[in-house]
Each structure stands twice: as structure tokens, then as C-alpha cells.
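# Structure at a glance
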Amino acid sequence: MNALVKQHLIDPEICIRCHACEEACPKDAISHNSDNVVVDAGICDGDMSCIGPCPTGAIDNWLMVAAPHPLETQFEWMELPEAVTHSPVEAQPDPPARDATSTTKKRRPPKIPAPASASEPVINLHTPSRPVEVEVQGNYRLTGEGTEADIHHIILSLEGVDYPVLEGQHVGIALPGKDANGRSHAQRRYTISSPRDGERPGKGNISLTVRRIPGGLCSNYLCDLKRGDKIEITGPYGASFLMPNDPAARLIMICTGTGAAPFRAFTMRHQRVMPEVTGALHLFFGARSPDQLPYFGPLAKVPDSLLTKHFAFSRVEGAPKQYVQDKLREDADSIAPMFGQPTTHIYVCGLKAMEKDVEAALAEIAASTGQDWDKLRDEMTNSGRYHIETY
Ligand SMILES: Cc1cc2nc3c(=O)[nH]c(=O)nc-3n(C[C@H](O)[C@H](O)[C@H](O)COP(=O)(O)OP(=O)(O)OC[C@H]3O[C@@H](n4cnc5c(N)ncnc54)[C@H](O)[C@@H]3O)c2cc1C
């Protein structure tokens, strides 16, 4: 029998095609076509120079094979073959605790409290009059070419910058230039879609999930950024839509489109720090079709024991239109028993238009368990367990 060899591979589902690995490889073993970045097993000698510069960790995959996968095969991959081993993702120590009041301006308690067990956020560290400059590490289109939703995964390096974040917080973008009246543009907010210890653990970076709005000033500015560009950000912001630290907490997360950003961060945090806690995360996610649903592939791969996934698609040929509120009703049995439990948290994020319909579905589910939704919602809101972030 042939001896197995260890082949170095790049995960096409996580890679943002920034080509930092390609530049770092002293042997020129890494190359790309318009689809994928790949490693030539005939050249790669495991020198590892490419591992450090990767902002996502997509570079760090290894497979025991009898015969290495050739480049042509790797160029075709939409995902890695099974049995790839990843270097274990080490949970990084949390950023050092800091006295939030010493760094925040005019700190008031949020109108809607954060979950009681959430970490203390730092907010307003960098203001519109004093933004901080950060570098773009990569910018990758998440949704299918030619589909209506043009959603980008943008990674910003926070190296050397004082910018501690928690899952659920957002950044402000200070746009360059002036408006028609000669004033600075109003800043726009974007939710951080990576966990507190980084898109890649310990890498000191964050990711944003940005949808290009036709004619939109900031979304087009962000979606057109290139690796190495410098932009100014403010914040961090958000002291309420945060994740509980309590392992007993059960989260129902409901979103459309870029509303997935905080839930990607919640899920990654959970996977990194409490992978043994099962049955805690439940995601209801609506999009037109799978290729317009950001992070569809990686999310689908999170084991059901960690994250139950309920996808609703409204434009799949041959299938009836389904919206996220329909999916909530259809799969009500899986979450109804959680209604009324003091450990249950509900989060809604995405377009404003979804809010009313989602609430109507939640009210029906509550009623099916004999509960008065208005009362339950107020109770949950006041105890920091019901959060809505729509825009
Ligand atoms: C707390 C918070 C978090 C947010 N998180 C995200 C996020 O993670 N990802 C993300 O992509 N956006 C997010 N947004 C929305 C983002 O801040 C901008 O509003 C959005 O990107 C549009 O900005 P723009 O400068 O491109 O458009 P503008 O130049 O401000 O507007 C151009 C035109 O587009 C319309 N428009 C604005 N927003 C939308 C929209 N969403 N859909 C359709 N038309 C629109 C406007 O009415 C206007 O006519 C968030 C907003 C808030 C308040």
C-alpha cells in the first residue's frame, strides 16, 4: 500500500482571495485562477511562511492522501473534500478587561438592557471627530456573481489600534470627502460579523458583511475597497444587542441578508469557547435563494448540535415562496418549548420590513404555548432577552 502524504490545502469557502499567502510563499507554490487559490503539492515543502499572513485561517488545512489532489481539481472545488484536518482553533484569551467608564464618553445605560451575563462593552472610543485609521486585509463577494444581492465580506486589521469589540457591536465608517454643503458625510454603521478574538483567532482583525445598495454612498465605498486600502472608523458602538456568556442561555436568532452578521459572530464565539454546549443556538435565516444567502456554505457545515438552521428562500424555481416568518411558523415545534423559559433570548436583525411579520409569527408561537406575547415580549425586553436591530 502507498504511504499517505500530508497535502496542504486552502478552504475555498473561507478564503477571501486576498492572495496574501501567494505573496508570502517563497517557493511560488500558491497560485490562483478566477475561482480559487490553490497549493501545488509538487512544489510546497511545508515551509509555513504562508500561514501567518492569512487573515481568515483558510490557509491552514491539511489532508492525508495517497495521491495529492492536482491543481485542476482544486480549481474546481466549491468546498474542501471531507476528512481535511484543520489546526485546532484555539480560543484566544478575551481582550483584557478594561474599565469601560474610563474610555467612554457620556456613558448612559442602554434603553434596552443587555443580557445580564453579557460582557461589559467598550463604546464610543473613537468619535467622528477623532476616527481611527485601519487597513483593509481583504474584500470578497459572498453572493453569487450575477445575483441581485451583492454582499461582501470585508476584513479590517485592528493591529496596533485600540478597538476592543464584542459580538453584536457595530463600527462607524467615517467617509472621506464632503457632502454638497461642504460638511462631512454622516457616518454609517456596520455590524461586526466576527467574534471578539478576531476573524482569525489572535489575528487582531474584524469582519463586516456589507450589501451594495445601488447609488448608496458608503456601501459602494466599502464594497469597492481593495486589500491595503486605509479607511477611518469610529466606535465601537452598541451596548445592548450583545451575546449572553451564560452556557445555559438558549438563543433564537432571526435574520435576513446582512442581518446574519451578528449571528455569524455569535456562532463563531460559541464554537470557540463552549463547543461542548449543545442545543443553544437556533438560526432562522431568510434570503431569495441559497446563493444570495451570505455564509450559506460555512453555516450549513456547523453541526446541528451546535446550531439548528432554518433557511427560508423566496425565489427558488419550482418551490413556493417562503419568508423567514413562514419558516418560524413551519418549524415552531422546535422553538415553542423555549418560549417563557428565563434562559431564552430572541434576536432579530436585518431589514426593517421584516420586523412586523416576524413579530406576528412570534406572537402566534407564544399563543400556541398559552402565553400572552405582549406580556412575554415586555418581560424579555426588560430583562435584556429580546433584541431587535433593523435598518
Ligand atoms: C446599527 C446598524 C447596523 C447596520 N449593519 C449593517 C450591516 O451589517 N451591513 C449592511 O450592509 N448594512 C448595515 N447597516 C446599514 C448601513 O448603515 C447603511 O445604511 C447602508 O449600507 C446604506 O448606506 P449607503 O451610504 O450605501 O446608502 P445611502 O447613500 O445612505 O442611501 C442611498 C439610497 O439607498 C437607500 N437605502 C439605504 N439603505 C438601504 C437598504 N438597506 N436597502 C435599500 N435601500 C437602502 C436610501 O434610502 C437612499 O435612497 C446598518 C445600519 C445600522 C443602523
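Residues numbered from 1 in each chain as written. Predicted model: local features only at pLDDT ≥ 70, side-chain atom pairs only at ≥ 80, totals over all residues. Heavy atoms only, no water.

### Description of the site of the ligand
To keep things clear, this is the line we draw: The near set for a molecule or strand comprises every residue that places at least one heavy atom within 4 Å of it. Polar contact criterion, stated in full: a pair of N or O atoms within 3.5 Å, where within protein one must be able to donate a hydrogen and the other to accept it, and residues adjacent in sequence count only if both atoms are side-chain atoms. Note on areas: Shrake-Rupley, 1.4 Å probe, and residue coverage restricted to the protein chains presented here. We place a 1 Å grid over just the protein atoms. Points where a 1.4 Å probe fits but has no way out form a cavity, open points with protein on both sides within 12 Å along at least 5 of 7 lines form a pocket, and any residue with an atom within 4 Å of a point lines it. Whether a molecule lies in a cavity or pocket depends on its atoms, and more than half of them have to be within 2 Å of the grid points.
Looking at the ligand, there are 17 residues lining it, with R189, Y190, T209, C218 and S219 nearest. Between R211 and the ligand, the recorded distance is 2.9 Å, taken from a backbone N or O atom to an oxygen atom. Between the ligand and L217 there is a distance of 2.9 Å, counted from an oxygen atom to a backbone nitrogen or oxygen. Notes on the ligand: free accessible area 930 Å², of which the protein chains cover 64%. Put simply, the ligand lies in the second largest pocket.

### Focus on the domain arrangement of the chain
Counted only if it meets this: Source of the domain bounds: an automatic or database domain assignment.
In terms of domains, the chain is made up of domain 1 (5–86), domain 2 (113–237) and domain 3 (250–390). Computed from C-alpha coordinates alone, the two centres of domain 1 and domain 3 are separated by 34 Å.

### A closer look at the nonpolar core
Operational definition: Note on terminology: a nonpolar core comprises buried Ala, Val, Leu, Ile, Met, Phe, Trp, Tyr and Cys residues joined through side-chain atoms within 4.5 Å. Burial classes: relative accessible area under 20% of the type maximum marks a residue as buried, over 50% as exposed, and values in between as partly exposed (1.4 Å probe, protein chains only). Note on conventions: DSSP H or I runs of at least 4 residues are helices, E runs of at least 2 residues are strands, and numbering of each starts at the N terminus. The contact criterion used is simple: two residues touch if any of their non-hydrogen atoms lie within 4.5 Å.
In terms of nonpolar packing, the biggest core is built from 26 residues, with L251, M253, F263, F266, L283 and F285 touching the most fellow members. Going through the elements one at a time, β12 (250–256), α5 (261–273), β13 (281–287), β14 (307–313) and β15 (344–350) are the ones with two or more residues in this core. For this core, the leading source of residues is β13, giving four residues. Setting aside residues up to four positions removed in sequence, F263 forms contacts with F241, M253, I254, C255, L283, Y347, V348 and C349. L158, V171, I173 and L208 belong to the second largest nonpolar core, which has 23 residues in total.

### Thoughts on unusual backbone geometry
A cis geometry characterises the amide bond from G235 onward to P236, with omega recorded as -5 degrees. The backbone of D28 sits at a positive phi, close to 55 degrees, despite the residue not being glycine. A positive phi angle, close to 60 degrees, is found at N124, a residue other than glycine. Here N124 is to be found in the loop between α3 (100–103) and β6 (132–141).

### Quick notes on the environment of D333
Within the fold, D333 resides in helix α8 (residues 332–335). For D333, a relative accessible area of 72% translates into the label exposed. With 14 residues separating them along the chain, D333 and Y347 place their C-alpha atoms 18 Å apart.

### Side note on the state of the cysteines
Note the cut-off: Criterion for a disulfide: a pair of cysteine sulfur atoms within 2.5 Å.
Counted according to the given criterion, the structure contains zero disulfides. As a non-bridged cysteine, C15 has C21 as the owner of its nearest cysteine sulfur, 6.3 Å distant. Relative accessible area serves as the criterion here: at 8%, C15 is assigned to the buried category. Cysteine C218 shares no disulfide, and the gap to the nearest cysteine sulfur, in C223, comes to 9.2 Å.

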